[in-house]
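What the coordinates show
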Amino acid sequence: MPTILTGVVDDADILSNQRVVDMSPTIAQLEPDEAPLTTMLQKVGKRAAFSQKVEWLSDELVPRLTTLSASAASDLTALAVATGTGTYFRPGDVVRIATTGENCSVSAVSANTVYVTRALGGVTALSAASGVDLIKVGNAAAEGATLGTLIQTKKVANYNYAQIQRDPWGFTNTLVASKLYGGPEPANEAKKKLIEHKRQLENSLFWGVRDLNTSGSTPIGYVGGIFQYVTSNITSVGGNLTESVMETFLRTAFRYGSQNKVMFVSPLVASAMSSFAQGKLALPSVDTNKYGVSLGQYQSASGAVIQIMIKRDWLDFQSANNQYGGIGVVVDMEDVKMRPLRDTVLKPDRQANDEDSVKQEYLTEWSFELGQEKKHAIIRGITGY
């Protein structure tokens, strides 16, 4: 028997099956494709790998700076220098004690003791405190002399491993054949998975730890990232970011390498850097409708200009105790390379032959090369401004 409706039929009386759903043709995604470092390296900083282990050599000039490890009286001719730095010098070198302006001639070197003739040029020898700079100015050889002591730096071998990253997805063929809002599967999911895949590549570029696990039947490689290799230029703030702290940090960040550097920052750090200028802005009128600074570049006092790239997803992280919500990472883009052994590819038809489904995956086997770690820098521990 049919159901009888009396009176005016309203919206609640009809069958829900009868109603056409007012559905948007697109699915609103929470997060866009944001993996700027990965994208940059895939476009310009990439060189194919041909082994599961990638290796490179780094080198540097013979250092010319150390510090006194003990005070030196005005008549002392044996200068104690910082551990491991005596080898920087050889007989004939001219060294300068920075606080007194006295030049000395090196006569011999033994371990961490530099033997000198004091008061070159008739300058009065003065006492110098422990910890002051001792600078190699140059070398003065006698006429007709032999080569003397030869010193040079030894190249350093560096390496990283290739990591296989796989991001799969799948649907039954019944679902694939169905008409769906937002587009068909698995094409719709493929767009999402590519974003996820790139984000995880990016995370590994920053926070991967190099390792090769050979305990199982087949090895597992783990790629090391920027935080693994950068150990020299790390600034821990432990509080508010100020202009003076930023300038000090950037002097270190630009000491070595190219001027082509990008600073990847959390939103908190971006706000802190924008506040430097914002606090000095003069309003054009009382009825202005725009105020503030959107920072895309930062020019340091030295004239170096650094590109600012905001990592919006780092807003999710905490900033206390050097966590990643309060960090900035300066990367010399001319000193880093993606090293794909197998570049990112969409692998279709990964299901078994007798399986009534569709399975696909994105797969990348890749490594990362960072040439000289002193060309890069990390600032961390920023909790406010």
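Figured I'd write up the structure that's included with this text. Sequence order as written defines the numbering, with residues in each chain counted from 1. Totals for whole chains, interfaces and linings use every residue, but because this is a predicted model, local features are given only for residues with pLDDT of at least 70 and side-chain atom pairs only at 80 or more, for both listing and counting. The side-chain figures draw on all heavy atoms in the structure; neither hydrogens nor water molecules are used.

Next up on the list: the overall build of the chain. By definition, any uninterrupted DSSP run of H or I lasting at least four residues is a helix, any uninterrupted run of E lasting at least two residues is a strand, and each is numbered from the N terminus. Scanning the chain from terminus to terminus reveals 6 helices and 19 strands. For the exposure calls, accessible area comes from a 1.4 Å probe over protein chains only, and a residue counts as buried if that area is under 20% of its type's maximum, exposed if over 50%, partly exposed in between. Within the chain, the proportion of its 385 residues that are buried is 36%. A separation threshold of at least 6 residues defines the contact pool for the chain, and within that pool the share at least 24 residues apart is 74%. In this description, accessible areas are obtained by the Shrake-Rupley approach with a 1.4 Å probe, and a residue is regarded as covered only by the protein chains that are shown. Carbon and sulfur atoms make up 53% of the accessible area of the chain, which amounts to about 22100 Å² in all. Contact between two residues is taken to exist if any of their heavy atoms lie within 4.5 Å; hydrogens are not considered.

This paragraph deals with the sheet that holds strand β6 (residues 113-117). By definition, two strands form a pair when at least two bridges between them are found by DSSP. Spatially, β2-β7-β4-β5-β6-β3 is the arrangement adopted by the 6 strands of the open sheet, whose pairing is antiparallel. Because the sheet does not close on itself, it has two edges, and the strands there are β2 (65-67) and β3 (78-80). This sheet shows a mean twist of 40° between the axes of neighbouring strands, independent of strand direction. Where strand β5 (residues 102-110) lies against β6, 5 bridges are found, and the strand directions are antiparallel. Along β6, the bridge assignment pairs A108 with Y115. Every axis corresponds to a line fitted to the C-alpha atoms, with the helix fit spanning only the stretch in contact, and the corresponding angles, defined between N-to-C directions, vary from 0 to 180 degrees.

Of the positions making up helix α5 (residues 243-253), those classed as buried are M246, E247, F249, L250 and A253. Around the axis of α5, the buried residues are gathered within 165° of arc, so they sit on the same side. The outward face of α5, more than 90 degrees from its buried face, is lined by the exposed residues S244 and R251. The arc under discussion is defined with respect to the helix axis, by the directions toward the C-beta atoms.

Below, the discussion takes up the nonpolar core. Here the nonpolar core consists of buried residues drawn from Ala, Val, Leu, Ile, Met, Phe, Trp, Tyr and Cys, with membership extended through side-chain atoms lying within 4.5 Å. The biggest cluster of nonpolar side chains holds 25 residues, and the ones touching the most others in it are L37, L41, I226, V329 and F368. At the level of elements, α1 (36-43), β1 (53-58), α3 (187-207), α4 (226-229), β13 (261-265), β16 (328-332), β17 (336-347) and β18 (357-370) are the ones that each hand at least two residues to this core. Ignoring anything within four residues of it in the chain, the contact list for V329 reads F206, I226, F227, V262, M263, F264, W314, A377 and I378. Core analysis: the second largest hydrophobic core is formed by 21 residues, L241, L250, Y298 and A304 among them.

Taken together, 6 strands build an open sheet; the order of strands is β12-β19-β16-β13-β15-β14 and the sheet is mixed. Single-partner strands in this sheet number two, and they are β12 (234-240) and β14 (297-299). On average, each strand axis in the sheet is inclined to that of its neighbour by 25°, with strand direction left out of account. Its contacts with the sheet place α1 against β13 and β15 (305-310), and it is angled at close to 155° to β13. Contacting β12, β13, β14, β15, β16 and β19 (377-384), α5 runs over the sheet at an angle of about 165° to β19.

Before going further, it helps to spend a moment on the packing of aromatic side chains. Two rings from Phe, Tyr or Trp (for Trp, the six-membered ring) form a pair when their centres sit within 6.5 Å of each other. Planes less than 30 degrees apart are called stacked, planes more than 60 degrees apart edge-to-face, and all others tilted. One pass over the structure, following the stated rule, counts 14 aromatic pairs. A centroid spacing of 6.3 Å and a plane angle of 45° characterise the contact between Y88 and F89, whose relative ring orientation is tilted. Counting every residue linked through ring pairs, the aromatic cluster contains F206, W207, F227, F264, W314, F317 and Y324. By definition, being over a ring means that NZ of Lys or CZ of Arg is both within 6 Å of the ring centre and within 35 degrees of the ring normal. One cation-aromatic arrangement involves K53 over Y159; the distance from NZ or CZ to the ring centre is 4.6 Å. Over the aromatic face of F254 sits the side chain of K261, whose NZ or CZ is 5.2 Å from the ring centroid.

What follows covers the pairing of β16. Walk down a regular strand and you will see the side chains alternate between the two sheet faces. Burial runs high along β16: 5 of the 5 residues are buried. The alternating pattern of β16 places G328, V330 and D332 on one face and V329 and V331 on the opposite face, and all of these are buried. As paired strands, β13 and β16 are joined by 5 bridges and run antiparallel to one another. Each bridged residue has a counterpart across the sheet, and for V262 the counterpart in β16 is V331. Taken together, the 3 bridges between β16 and β19 define a ladder with antiparallel strand orientation. Residue V330 lies in a different strand from β19, and its bridge partner there is A377.

Below, the discussion takes up helix α6 (residues 267-278). Every α-helical turn comprises 3.6 residues, leaving residues that sit three or four positions apart pointing alike. By definition here, a helix of n residues has an expected span of 1.5 Å times n minus one. Here α6 is 12 residues long and its end C-alpha atoms lie 16 Å apart, about the 16 Å a rise of 1.5 Å per residue gives. Inspection of α6 places P267, L268, V269, A270, A272, M273, S274 and F276 among the buried residues, and these make up the whole buried set.

Backbone geometry places A111, a non-glycine residue, at a positive phi of 50°. Structurally, A111 is set in the loop between β5 and β6. With a relative accessible area of 60%, A111 lands in the exposed category. The phi angle at A119 is positive, at roughly 60°, despite the residue not being glycine. With respect to the helices, strands and loops of the structure, A119 is situated in the loop between β6 and β7 (133-139). You can call A119 partly exposed: its relative accessible area is 26%.

A few words on the pattern of salt bridges. Salt-bridge detection follows one rule: a side-chain nitrogen of Lys or Arg within 4 Å of a carboxyl oxygen of Asp or Glu. Using the criterion set out here, one finds 16 salt bridges in the structure. One salt bridge connects E196 with K193, and the closest N-O pair in it is separated by 3.3 Å. Of this pair, E196 and K193 both sit in helix α3, 3 residues apart, which is roughly one turn of that helix. Under the relative-accessibility criterion, E196 is labelled partly exposed at 33%. What makes K193 buried here is its relative accessible area of 13%. Here K359 makes a salt bridge to E355, at a shortest N to O gap of 3.0 Å. By relative accessible area, which is 30% here, E355 ends up partly exposed.

No statement about biological role is implied by the geometric values presented.
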